[in-house]
There are 6 protein chains.
Amino acid sequence: MTQPPTFEPPRSIDSPEERARYERGAAVLNAVDGGSAPAVMEALSDIAPALAHHIVAFGFGDIYSRPGLDPQQRQLVTLGILTALGGCEPQLEVHIRTSLNVGLTPTEIVEALTHAAGYCGFPKALNAIFTAKRVFAERGLLPVAD
Amino acid sequence: MTQPPTFEPPRSIDSPEERARYERGAAVLNAVDGGSAPAVMEALSDIAPALAHHIVAFGFGDIYSRPGLDPQQRQLVTLGILTALGGCEPQLEVHIRTSLNVGLTPTEIVEALTHAAGYCGFPKALNAIFTAKRVFAERGLLPVAD
Amino acid sequence: MTQPPTFEPPRSIDSPEERARYERGAAVLNAVDGGSAPAVMEALSDIAPALAHHIVAFGFGDIYSRPGLDPQQRQLVTLGILTALGGCEPQLEVHIRTSLNVGLTPTEIVEALTHAAGYCGFPKALNAIFTAKRVFAERGLLPVAD
Amino acid sequence: MTQPPTFEPPRSIDSPEERARYERGAAVLNAVDGGSAPAVMEALSDIAPALAHHIVAFGFGDIYSRPGLDPQQRQLVTLGILTALGGCEPQLEVHIRTSLNVGLTPTEIVEALTHAAGYCGFPKALNAIFTAKRVFAERGLLPVAD
Amino acid sequence: MTQPPTFEPPRSIDSPEERARYERGAAVLNAVDGGSAPAVMEALSDIAPALAHHIVAFGFGDIYSRPGLDPQQRQLVTLGILTALGGCEPQLEVHIRTSLNVGLTPTEIVEALTHAAGYCGFPKALNAIFTAKRVFAERGLLPVAD
Amino acid sequence: MTQPPTFEPPRSIDSPEERARYERGAAVLNAVDGGSAPAVMEALSDIAPALAHHIVAFGFGDIYSRPGLDPQQRQLVTLGILTALGGCEPQLEVHIRTSLNVGLTPTEIVEALTHAAGYCGFPKALNAIFTAKRVFAERGLLPVAD
């Protein structure tokens, strides 16, 4: 059998360069975070710290802060994706908090999830709406004006 | 075995009330359409005219025209959903044309699909980007400024 | 940037025409409902009443009551879809109750979900079977004859 | 590192017992097949004959012939699954032929796919309808009565 | 309407031949099982014994024991599939136990799920990692070395 | 409405640091690539160069080269994911070439896709097998020994 190739391992996530990348991402995450993200990252620390590192350094540092879309626009795309994927209610909950935090109104969030029904069906839209309802209830944002 | 229940059939899609609903939806569709929708609707006429009717009457008349989100915001949600679903490149192509038509720039569309990579993975993001590339090429919109 | 188009908002869901549409759908839903749907609709009332309206008016009034398939046939299609989508156990639970209510037997429901295994894999079939088991247990329908 | 366990390999698909299992499945497949399946099975012969064997022996011999649902009911479940999965147009094409062959009418097939729109969204329903349209066109079954 | 075809039902799962097939599969399952599978199979006994039979006879007897891949390789494929499908956390939990049992290390499992992030997105990778964390916690395998 | 937060944009992908990250990833990609990747990256250059950059810098530089799994193991996970996602045949084609390149045999690849059938269903397994068949045919690797 052919031997698989080998390569240099990546820089340690504890190297100064990677810590600097992480810090840039963490600044973005803190600016948009609706309060749930730190607990998720902390929960990864004893099992997959590299995954946590790259969510922050790549996802927020490299991508989220790019100038092509503002945070409200990014959250609309994200709400669409998470609703369509299904089974990602924990992440949707985080992103509904983030959506509120960057200035989307409860009405806009509900409208995005209602809009989703035509594109990915009522069942997934319902799962997303009931996820939003839990977040809105906890923040005293119910009822939402139609 | 229990007999399944029976009910009144719905109003004909050719009834005056349904034609009025259709006309309201068609006005919305025409306002946002990037040029591909009429061919899709026409292609349904000999196999599923009711489906075409409801896409227009319900999807555009009842939902798309609701005031909670503007068309650019709706397209961002839709781009997220169609990228995440996968296998919906024909519909994504229609919606990339619609996105341009309602004023999203090529840069914003590319950014939405690049943003999607972190949430639904690089393969689906690539499928969406290459769909956008076909639309942009046909409209003379390449290269897209990064 | 191009301004997004604007349009007339849709008829209010509280207009006489929309209330009549809703009533037609509610009659269908009541005829097929296995007992779970009203609670779902009620749970939407303070967050997404328009979504609840359209599930009833469009989903049941416009589509479910069409004469091309009887309710048992529609439920078989729905069981297939919800099993394949995954992550829609709450909706599958509602639809297993509905399936029983329109006259599908527990054996037919189990057979549909067993059949699904070859088309969408054992894991999703198992999720669906265990959802059915919860409904059957609550109705005293276990064990199911093989 | 723990050594992975080893076990007896399964019976050869060329053993008399497996050939008998295959023959039972092939009889079922032939009875329901709409004409596309043999070409699919043949196309597997030089790459994955075991997969072809098990689709026939397990999928048709063990499951499809079970008495709990008749072939029309099984096809309704299958149409729902394949529409919801997305990206399975080649298999959907086979199963639309099979659906016709076991007695579902074009109207029932179209109705199943129209019904699907509410549960998995318009884009996937459209993909399925256009797949059906190709089969119906080839069989001279267009236009379909609404 | 055309009558659907009818066929011989399959051999009973209680026939000697099927019991022998089951026994071969059960030997494989027992060899790789991380401890959760028997409870899943037992839970099917009063609702879908045929599904349980075929998971064992087909899934483990016919497929898992084939010589083309060893159990560790099969588990890597399975971890990839279950992470990508989403909504299959109960099955993923079973398969993380199985993965440990066939000799994959916690580090290899975490690495497989971290690798998955690029291909199916961070949200599904996170769901899988937190499922692994529950299994590792119950087995005293935390923290996992990065 | 709350103003969305703003942040520093990320480092340019043309900065020395990002070019160094890219070079590390490109070395990994070149070592495992089965010949298709450069064309994909080149095709992104006029529409989404940042996406191409991050696939290489993050996907290959940061993740693929991590020591926890060797390339053959990573490819098994990837084959599972891409088969399960569906609709990603272009990416699956690239990764079947990569799988061959890192030393997985055609038999192992076919076995992985056959194994997938039980976990995500025959239709998606068939799509993956026929994608593999195209790659194997082009490389003169047919028939594959069962």
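Conventions and cut-offs
- Residues numbered from 1 in each chain as written.
- Chains lettered and ligands numbered in written order.
- Predicted model: local features only at pLDDT ≥ 70, side-chain atom pairs only at ≥ 80, totals over all residues.
- Heavy atoms only, no water.
- Helix = DSSP H or I, 4+ residues; strand = E, 2+ residues; numbered from the N terminus.
- Buried < 20%, exposed > 50% of the residue type's maximum accessible area, 1.4 Å probe, protein only.
- Contact = heavy atoms within 4.5 Å.
- Lys, Arg positive; Asp, Glu negative; His and termini not counted.
- Charge placed at Lys NZ, Arg CZ, Asp CG, Glu CD.
- Expected span 1.5 Å × (residues − 1).
- Phe/Tyr/Trp six-rings, centres within 6.5 Å; stacked < 30°, edge-to-face > 60°.
- Lys NZ or Arg CZ within 6 Å of the ring centre and 35° of its normal.
- Buried area = accessible area lost by both parts, 1.4 Å probe.
- Salt bridge = Lys/Arg side-chain N within 4 Å of Asp/Glu carboxyl O.
- Polar contact = N/O pair within 3.5 Å; in protein donor to acceptor, adjacent residues only side chain to side chain.
- Core = buried A, V, L, I, M, F, W, Y, C linked by side-chain atoms within 4.5 Å.
- Least-squares fit on C-alpha atoms with pLDDT ≥ 70 in both.
- Disulfide = S-S within 2.5 Å.

Visitor: Before we move on, could you go through the overall build of chain A and cite the residues and values that matter?
Guide: When helices and strands are counted, chain A shows seven helices and zero strands. Seen through its C-alpha atoms, chain A measures out along the principal axes to roughly 60 × 40 × 30 Å. Taken over 146 residues, chain A has a buried fraction of 66%. Taking contacts inside chain A between residues at least 6 apart in sequence as the whole, the part at least 24 apart equals 68%. Placing the 11 positive and 16 negative side-chain charges of chain A at their respective mean positions leaves the two points 2 Å apart.

Visitor: I'd like a description of helix 6 (residues 106–120) of chain A, backed by residues and values.
Guide: All names here are of chain A. Along its 15 residues, helix 6 runs 21 Å from first to last C-alpha, staying within 8% of the 21 Å computed at 1.5 Å per residue. For helix 6, the tally of buried residues reaches 14 of 15 residues, placing the bulk of the element in the interior. Once helix 6 finishes, G121 follows within two positions and takes phi at roughly 95 degrees, a positive value.

Visitor: Account for the packing of aromatic side chains, naming residues and giving values.
Guide: As enumerated under the stated definition, the model contains 27 aromatic pairs over all chains in all. Plain terms: the ring middles of A:F122 and C:F58 are 6.3 Å apart, the flat faces sit at 55 degrees to each other, and that makes the pair tilted. One end of the pair, A:F122, is in helix 7 (residues 122–138); the other, C:F58, is in helix 3 (residues 49–64), on a second chain. Through a chain of ring-to-ring contacts, three or more aromatic side chains come together here, namely A:F58, B:F122, E:F122 and F:F58. Looking at B:R74, its charged tip hangs above the ring of B:Y64, at a distance of 5.7 Å from the centre.

Visitor: Quick rundown of the interface of chain B and chain D? Include the residues and the values.
Guide: Contacts between chain B and chain D engage 19 residues on the former and 17 residues on the latter. Note on chain B versus chain D: buried area summed over both sides is about 1,600 Å², and carbon and sulfur give 73% of it. The three residues of chain B that bury the most area against chain D are B:D46, B:I47 and B:L51, which together make up 39% of that side's buried surface. Across the chain B-chain D interface, the total number found is one salt bridge. Close ionic contact of B:D46 with D:K133 constitutes a salt bridge, the shortest N to O distance being 3.1 Å. At the boundary of chain B with chain D, the tally comes to six residue pairs in polar contact (both at pLDDT 80 or more). Of all the secondary-structure elements, those providing two or more residues to the side of chain B that touches chain D are helix 2 (37–44), helix 3 (49–64), helix 4 (71–85) and helix 5 (89–101) of chain B.

Visitor: Describe the nonpolar core, naming the residues involved and giving the relevant values.
Guide: A:F136, B:F136, C:F136, D:F136, E:F136 and F:F136 are the most contacted members of the largest nonpolar core, which has 290 residues in total. Contacts of F:F136, omitting those with residues within four sequence positions, involve D:I47, F:I96, F:L100, F:P106, F:I109, F:V110, F:L141, F:L142 and F:V144.

Visitor: Account for the pattern of salt bridges, with residues named and values stated.
Guide: For the coordinates displayed, the defined rule picks out 65 salt bridges over all chains. Note that C:R11 is salt-bridged to C:E18, the shortest N-O span being 2.7 Å. F:E111 serves as the salt-bridge partner of E:R74, at 2.9 Å between the closest nitrogen and oxygen. Remark: F:E111 occurs in helix 6 (residues 106–120) and E:R74 occurs in helix 4 (residues 71–85); the pair is interchain, linking two chains. Each member of the salt-bridge network shares a partner with another, and the members are A:R11, A:E18, A:R21, A:D62, F:R11, F:E18, F:R21 and F:D62.

Visitor: Describe the relation of the copies chain B and chain D, listing the residues and the values that go with them.
Guide: Rotating chain B by 120 degrees and moving it 0.0 Å along the rotation axis overlays it on chain D with an RMSD of 0.0 Å. As the rotation angle and translation indicate, the two copies are arranged about a three-fold axis. The rotation axis passes nearest to the C-alpha of B:G87 in chain B, at a distance of 2.7 Å.

Visitor: Describe the relation of the copies chain B and chain A, with residues and values.
Guide: Once chain B has been moved 0.0 Å along the axis and rotated by 180 degrees, it coincides with chain A to within an RMSD of 0.0 Å. Put plainly, the chains are arranged around a two-fold axis. Looking at chain B, 100% of its interface residues are interface residues in chain A too, so the copies touch through the same face.

Visitor: A description of the state of the cysteines should follow, citing residues and the corresponding values.
Guide: A full pass over the atoms with the stated rule returns zero disulfides over all chains. Free of any disulfide, B:C88 has its nearest cysteine sulfur in D:C120, 9.0 Å distant. Taking the relative accessible area as the measure of exposure, B:C88 reaches 1% and is therefore buried.

Visitor: Go over helix 4 (residues 71–85) of chain C with me, naming the residues and quoting the values.
Guide: Residue and element names in this part refer to chain C. With 15 residues, helix 4 ought to run about 21 Å at 1.5 Å a step, and its terminal C-alpha atoms sit 21 Å apart, in line with that. Among the 15 residues of helix 4, 15 are classified as buried, and the element is accordingly described as predominantly covered. One side-chain oxygen of the residue at the start of helix 4 lies 3.0 Å from the amide nitrogen of Q72, identifying that residue as D70. Immediately downstream of helix 4, the backbone of G86 shows phi near 75 degrees, a positive value.

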